[in-house]
Amino acid sequence: MPLDTTTKDGDFPIPAGVFAETVTSVERFTDRLFKFRITRPASFRFRSGEFVMIGLPNAEKPVFRAYSIASPSWDEELEFYSIKVPNGPLTKHLQRIKVGDTVLMRKKPTGTLVNDALLPGKRLWMFSTGTGIAPFASLIRDPETYQKFDEVILTHTCREVAELRYGQELVAHTKNDPLVGEFAQSLRHYCTVTREDYPLQGRITDLMASGKVFDDLGLPPITPETDRGMICGSMDMLRDTKTALEGFGLVEGANNRPDTFVVERAFVD
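About the criteria used
- Within any chain, residue numbers begin from 1 and follow the written order of that chain's sequence.
- pLDDT decides what is reported in this predicted model: residues at 70 or higher carry local features, side-chain atom pairs at 80 or more are listed and counted, and totals for whole chains, interfaces and linings draw on all residues regardless.
- Excluded from the side-chain calculation are hydrogens and water; included are all heavy atoms of the structure.
- For two strands to be treated as a pair, DSSP must find at least two bridges joining them.
- A run of H or I in DSSP becomes a helix once it reaches four residues, and a run of E becomes a strand once it reaches two; helices and strands are each numbered from the N terminus.
- Helix axes use the C-alpha atoms of the stretch in contact, all axes being lines fitted to C-alpha atoms, and the angles between their N-to-C directions lie in the range 0 to 180 degrees.
- Criterion for a salt bridge: a side-chain nitrogen of Lys or Arg within 4 Å of a carboxyl oxygen of Asp or Glu.
- For the exposure calls, accessible area comes from a 1.4 Å probe over protein chains only, and a residue counts as buried if that area is under 20% of its type's maximum, exposed if over 50%, partly exposed in between.
- Directions from the helix axis toward the C-beta atoms define the arc.
- Whether two residues are in contact is decided by their heavy atoms: any pair within 4.5 Å suffices.
- Residues belong to one nonpolar core when they are buried, are Ala, Val, Leu, Ile, Met, Phe, Trp, Tyr or Cys, and are joined through side-chain atoms within 4.5 Å.
- Values of pLDDT, the confidence the predictor places in each residue, fall between 0 and 100.
- Pairing of aromatic rings covers Phe, Tyr and the six-membered ring of Trp, with a centre-to-centre limit of 6.5 Å; geometry is then stacked below 30 degrees between planes, edge-to-face above 60, and tilted otherwise.
- When the NZ atom of lysine or the CZ atom of arginine is within 6 Å of a ring's centre and also within 35 degrees of its normal, the charge is said to sit over that ring.

### Description of the sheet that holds strand β9 (residues 187-193)
Argument step 1. Taken in spatial order, the 5 strands make up an open sheet running β9-β8-β7-β10-β11, and their pairing is parallel. Each having just a single partner strand, β9 and β11 (261-263) make up the two edges of the open sheet. Looking at each pair of strands side by side, their axes are set apart by 15° on average, direction ignored.
Argument step 2. With 3 bridges joining them, strand β10 (residues 227-232) and β11 adopt parallel strand pairing. Counterpart to G229 in the pairing with β11 is F261.

Printed below as a string of C-alpha cells:
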C-alpha cells in the first residue's frame, strides 16, 4: 500500500515506514479482552513469537505500542490479542475498532520468544498471564515448535475464569488444525485462576514452588538438562517466574546467545 497518503478513517497522513492494513475480524471474549485480525502485507515476514509496533491513523503523530503477533508465521492474516485499558493512549481507541478499519503497523518485527533463542531440549514450558498468551498462540501453531521439542506445556494464569476462554479455544482449534493438529497432540494446557473458584487456583510461581504443577501434570521438576522456558506477562510475573526458573538452574538466553529460557519485555500500554 502506498505510504504518505490519507486514509478513509480521517485526514491524517500515514507515516512513512509503516504498513496500513485493514481489520478483517474482531471477536470479544469479555468486557476487557478482544482479538482482531488484519490483512497481512505481501512483503511482511516474521518468526512465530515475535512482536510488532501497531497504532491507529487517528493523529498527526499516532501512538504505537508493542503487540505480539498471535498468528503463526504461515498465516495469511495477522492476529492480535488485546486488553482494554480505559486510559491507555492506544487501547482506549483500539478497543472500538471494527471490520474495515485501518491499523498501522511498523515494518520490523522483533522479540526474544522465538525458537531460535533456545537451546534444543525435550520439554518446552510456556509461562503466560493475561494477554501474555499472545506470542504462544503463534508458537503453538507453528510446526517448528513440535519439531524442536517432544512436549510443549502452555501455562496460562488469569484473574477470572472467563479470561481463560481465548486460550482454551485456541488450544482446542490447534489440536484440530489440519496443518499442525497431528504435531500438537503433544501440547498440554495448564490453566489457573487467582480470583475465582476454579479446579486449579494460584499463581504459577507458587504452584512451581510447591511442586503442585508437576504433580498435576505427572512430570518431574524442571531441570536444565531437559527443560526450556519462555515467559510473557506482567512485570511482576516476569520477575518472579525468571527467578523461579533460575532456581531450577536455567539460564536466560537471547537471539544472539541461545540458552535455556527467554523472557519477553515488550508491553502494551
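### Considerations on the pattern of salt bridges
Argument step 1. What the rule picks out here adds up to 21 salt bridges.
Argument step 2. In this structure, the salt-bridge partner of R37 is D75, at a minimum N-O distance of 3.0 Å. Here R37 is found in strand β2 (residues 33-39), whereas its partner D75 is found in the loop between β4 (64-68) and β5 (77-83), with 38 residues between them in sequence.
Argument step 3. By relative accessible area, which is 14% here, R37 ends up buried.
Argument step 4. The exposure class assigned to D75 is buried, which follows from its relative accessible area of 13%.
Argument step 5. The shortest N-O distance in the salt bridge between R239 and D240 comes to 3.1 Å.
Argument step 6. Several salt bridges share partner residues, and in doing so they unite R37, D75, E77, E79 and R141 into one network.

### A short note on helix α4 (residues 165-175)
Argument step 1. For α4, the complete set of buried residues consists of Y166, G167, L170, V171 and T174. Here the buried residues of α4 occupy an arc of 125° about the axis, which is enough to place them on one side.
Argument step 2. Where α4 is buried, its residues meet β2, β5, α2 (134-139), α3 (143-148), β8 (151-158) and β9.

### Observations regarding the nonpolar core
Argument step 1. Among the nonpolar cores identified, the biggest contains 28 residues, and M126, F136, I140, L154, Y166 and M230 are the most heavily contacted of them.
Argument step 2. For this core, the secondary structure elements donating two or more residues are β7 (123-129), α2, β8, α4 and β10.
Argument step 3. Considering every element that reaches this core, the biggest residue donor is α2, with 4 residues.
Argument step 4. When sequence neighbours within four positions are dropped, the list of residues in contact with M126 reads F136, L139, I140, T145, V152, I153, L154, T155 and M230.
Argument step 5. In this structure, W125, I204, F214 and I231 belong to the second largest nonpolar core, which totals 21 residues.

### Focus: the confidence of the model for the protein chain
Argument step 1. Across the protein chain, pLDDT averages 93, with 95% of residues at or above 70.
Argument step 2. When the criterion is pLDDT under 50, residues 1-9 qualifies, and its contacts beyond four places in sequence or with other chains add up to 24 contacts.

### Thoughts on the pairing of strand β1 (residues 18-28)
Argument step 1. By the bridge criterion, 5 bridges tie β1 to strand β6 (residues 102-106) in an arrangement that is antiparallel. Residue pairing across strands places E21 opposite V103, the latter belonging to β6.
Argument step 2. Where β1 folds back on β2, the antiparallel hairpin that results is connected by 4 residues.

### Some details on the packing of aromatic side chains
Argument step 1. All chains considered together, the criterion is met by 11 aromatic pairs.
Argument step 2. Judged by centre distance (5.7 Å) and plane angle (25°), the rings of F44 and F46 are stacked.
Argument step 3. Exposure remark for F46: the relative accessible area of 8% places this residue in the buried category.
Argument step 4. A centroid spacing of 5.8 Å and a plane angle of 5° characterise the contact between W125 and F127, whose relative ring orientation is stacked.
Argument step 5. Among the residues examined, W125 registers a relative accessible area of 1% and is labelled buried.
Argument step 6. Site record: aromatic cluster; members linked through ring pairs are F34, F36, Y67 and F80.
Argument step 7. Between the NZ or CZ atom of R28 and the centre of the ring of F34, over which it lies, the distance is 5.6 Å.
Argument step 8. Here R106 stacks its cationic end above the ring of F64, 4.2 Å away from the centre of that ring.

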